[in-house]
Amino acid sequence: MKTQKTYSDEEILTQIRNAKQEVYIPQTLENDLNTLIDKWANGQTARAQTSASPSKWFWAGGIAASLAIIVSLGLYFQKNSSTQQYSDNLNIKVENLNVADKQKVATAERALILVSANYNKGLSSLHNAETHIKQAQNAVNKSFKKNKL
Amino acid sequence: MDASTFKNVFIPISRKLYVVAFRLLENREDAQDAVQETLAKLWAKRENLYQIANNEKFAVTVLRNVCLDFMKAKKMKFTDFDENLINDTPLPDTMEARENVVIIRRLIDDLPAMQRKVMKLKHWDNFSDAEIAQATGINAGNIRVLLSRARRTVKERFLKIENKYH
């Protein structure tokens, strides 16, 4: 009949100790730390020289940059659709206008061209262009009302 | 504390710090980074280190917190007492695999994380319960519980394997 093997707790503990895996300590550990301390003492920033993964700030910077691009694109397309509205409003029967009104339409169109040309110069430039467009649009609308179109 | 004194105090204990970091993080690169980060933090506080009674203990405490940050970054658990076995080590079916050392190591590696780390610090690195408490932040009573569970699990599974082949 097969007998069950048993071990005392002490025997198991011996087995555990015998199975020890030594921690391999890098031979250059102390030298590397000496070098680091010297750098800190000479005024360099006391940050660990990471040998493996990028720091959390690397990822935070990447995410911030991505968000900035997404927000910029969103504003770009939003502004583009706004200028498109002005363009649509001005898309009327130009051939029925008198010379003065045609000039005003041309002014408005130039304003639109200015908008698209100046967009990349920043939102403040865009704001100014929008003001001009509004002024042009108001002038054109007044003329249309006069000519009953 | 000037650079020379700082080195005299902390370089000699850096090997111990590395062992603790390695047992907690189970990764060589992370352990090295953790030790460097710990010394960086200690360097930043060097003007106040004269007030510290036991610099080694303080260094281990700082290291522990650094390791916690590493573990959080990797979403590793640190204070789990009741987790199940990570793996259920299959019974070896070859004569070679029955060497006790190999079996015991596999059984220890399959323990829940904290049991595994505490067992290695205790029985492989000969840390006292107080030192393990310092390194892990777990109180001495819970360390004894972890060790007891770990030894019981290893014993039960080891006997199961032994009796299969005898």
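Described in the following lines is the structure provided in the data block. (Residues numbered from 1 in each chain as written. Chains lettered and ligands numbered in written order. Predicted model: local features only at pLDDT ≥ 70, side-chain atom pairs only at ≥ 80, totals over all residues. Heavy atoms only, no water.)

1. Some details on helix H6 (residues 113-124) of chain B
Keep this limit in mind: Here a strand is any run of E in DSSP of at least two residues, a helix any run of H or I of at least four, and the numbering for each starts at the N terminus. A helix is expected to span 1.5 Å for every residue after the first. Type-normalised accessible area, obtained with a 1.4 Å probe on protein chains alone, sets the label of each residue: buried when under 20%, exposed when over 50%, and partly exposed for intermediate values. Note on contacts: a residue pair is in contact if any heavy atoms of the two residues lie within 4.5 Å.
Under the 1.5 Å per step criterion, the end-to-end length of H6 of chain B is 16 Å for twelve residues, consistent within 8% with the ideal 16 Å. The buried count for H6 of chain B comes to eleven of twelve residues, which makes it a mostly enclosed element. Turning to H6 of chain B, its buried residues number three or more, namely Ala113, Met114, Gln115, Arg116, Lys117, Val118, Met119, Lys120, Leu121, His123 and Trp124 of chain B. Buried residues belonging to H6 of chain B abut helix H1 (9-18) of chain A together with helix H2 (14-25), helix H4 (55-73), helix H5 (100-109), helix H7 (129-136) and helix H8 (140-164) of chain B.

2. What to know about unusual backbone geometry
Residue and element names in this part refer to chain B. Phi is positive for Glu26, which is not a glycine, with a value near 55°. Secondary-structure assignment places Glu26 in the loop between H2 and helix H3 (28-44). Even without being a glycine, Asn126 presents a positive backbone phi close to 55°. Counting through the fold element by element, Asn126 comes out in the loop between H6 and H7.

3. Looking at the nonpolar core
The criterion, for reference: Here, the term nonpolar core denotes a set of buried Ala, Val, Leu, Ile, Met, Phe, Trp, Tyr and Cys residues that are joined through side-chain atoms within 4.5 Å. Domain start and stop positions are those given by an automatic or database domain assignment.
Membership of the largest hydrophobic core comes to 64 residues, with the highest contact counts inside it found for Ile16 of chain A together with Phe6 of chain B. The residues that make up this core include at least three from each of domain 1 (3-73) and domain 2 (96-164) of chain B. If sequence neighbours within four positions are ignored, Phe6 of chain B has contacts with Ile37 of chain A together with Met1, Ile11, Leu39, Leu42, Trp43, Arg46 and Leu49 of chain B.

4. Examining the interface of chain B and chain A
Accessible area lost upon the coming together of the parts is a frequently used measure of interface size. To keep it simple, the criterion reads: When two components associate, each loses some accessible surface as probed by a 1.4 Å sphere; the sum of these losses over both components is called the buried area. By definition here, a salt bridge exists when the distance from a side-chain nitrogen of Lys or Arg to a carboxyl oxygen of Asp or Glu is within 4 Å. Side-chain atoms alone can form a polar contact between residues adjacent in sequence; in general such a contact is a pair of N or O atoms within 3.5 Å, and within protein one must be able to donate a hydrogen while the other accepts it. Classification convention: Asp, Glu, Lys, Arg as charged; Ala, Val, Leu, Ile, Met, Phe, Trp, Tyr, Cys, Pro as nonpolar; all other residues, Gly among them, as polar.
With 38 residues of chain B at the interface, the matching set in chain A holds 37 residues. A buried area of about 3800 Å², summed over both sides, lies between chain B and chain A, and 62% of it is on carbon and sulfur atoms. The tally of links between chain B and chain A comes to two salt bridges. The salt bridge involving Lys7 of chain B is made with Asp38 of chain A; its shortest N-O contact spans 2.5 Å. The interface formed by chain B and chain A includes ten residue pairs in polar contact (both at pLDDT 80 or more). When residues of the side of chain B that touches chain A are traced back to their parent elements, those giving at least two are helix H1 (3-10), H2, H3, H5, H6 and H8 of chain B. Looking at which element gives the most residues to the side of chain B that touches chain A, the answer is H3 of chain B, with ten residues. In terms of residue class, the side of chain B that touches chain A is built from 18 nonpolar, seven polar and 13 charged.

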